[in-house]
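Secondary and tertiary structure notes
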Amino acid sequence: GVDLVDLTALRVVGERSAPGDVSAVAFSPTDGARLLVGGAAPGGRALLQVLDVAGRSAALDLQGHTVPVSHVAWSPDGGKALTCAFGERSALLWD
């Protein structure tokens, strides 16, 4: 899972579930309402999700990588995401 921490108060203010080991996260740059999460799912598969920070909607699972995701990033306007998986030497651009 992913713990959301208030850095001013230094306390956990929420948790979002993610099935597996998370190694990369990025908040959407325009409003911080979405969290792009990458890592390894059980069995060594790719974990790649977009989570709703407020927890009001279900996670969006992104399919495309075949091995664990090592890096995630949003475009400056938050309209696209770039993800990388070193094990397959690939980068994917998501709309």
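For the structure given in this document, a descriptive report is provided here. (Residues numbered from 1 in each chain as written. Predicted model: local features only at pLDDT ≥ 70, side-chain atom pairs only at ≥ 80, totals over all residues. Heavy atoms only, no water.)

**A few points about the environment of Ser 90**
What counts, and what does not: Each helix is a run of H or I in the DSSP string that is no shorter than four residues. Each strand is a run of E no shorter than two, and both are numbered from the N terminus. Buried, partly exposed and exposed residues are distinguished by accessible area as a fraction of the type maximum, computed with a 1.4 Å probe on protein chains only: under 20%, between the cut-offs, and over 50%, respectively. Only heavy atoms enter the contact rule, under which two residues are in contact if any of them lie within 4.5 Å. Side-chain atoms alone can form a polar contact between residues adjacent in sequence; in general such a contact is a pair of N or O atoms within 3.5 Å, and within protein one must be able to donate a hydrogen while the other accepts it.
With respect to the helices and strands, Ser 90 occurs in strand E9 (residues 90-94). Note on Ser 90: relative accessible area 22%, which makes it partly exposed. Spatially, the C-alpha atoms of Ser 90 and Val 67 are 9.9 Å apart, while their sequence positions differ by 23 residues. With near-sequence residues (within four places) excluded, Ser 90 lies in contact with His 65, Thr 83, Cys 84 and Ala 85. Side chain to side chain, Ser 90 and His 65 meet in a polar contact 3.4 Å long.

**Notes on the sheet that holds strand E5 (residues 45-52)**
Short version of the rule: In short, DSSP must find at least two bridges between two strands for them to pair.
An order of E3-E4-E5-E6 is seen for the four strands of this open sheet, with the pairing classed as antiparallel. Bordering the open sheet on either side are strand E3 (21-27) and strand E6 (60-61), each of which pairs with just one other strand. In terms of strand pairing, E3 meets strand E4 (residues 34-41) through six bridges, oriented antiparallel. Residue pairing for E4: Phe 27 is matched across the bridge by Leu 35.

**Let's talk about the pairing of E9**
Pairing of strand E8 (residues 81-85) with E9 involves five bridges; the strand directions are antiparallel. Within the sheet, the bridge partner assigned to Leu 82 lies in E9 and is Leu 93. Where E8 folds back on E9, the antiparallel hairpin that results is connected by four residues, among which Arg 89 adopts a positive phi of roughly 55°.

**Some points on the nonpolar core**
Using the following cut-off: For the purposes of this section, nonpolar cores are sets of buried Ala, Val, Leu, Ile, Met, Phe, Trp, Tyr and Cys residues that join through side-chain atoms within 4.5 Å.
Listed in full, the 11 residues of the largest apolar core are Ala 24, Ala 26, Leu 36, Leu 48, Val 50, Leu 62, Val 69, Val 72, Trp 74, Ala 81 and Trp 94. Each residue touching Leu 48, except ones within four places of it in the same chain, is listed here: Leu 36, Val 37, Gly 38, Leu 60, Asp 61, Leu 62, His 65, Val 69, Val 72, Thr 83 and Trp 94. The next biggest cluster of nonpolar side chains, apart from the first, holds nine residues, and it includes Leu 4, Ala 18, Val 37 and Ala 41.

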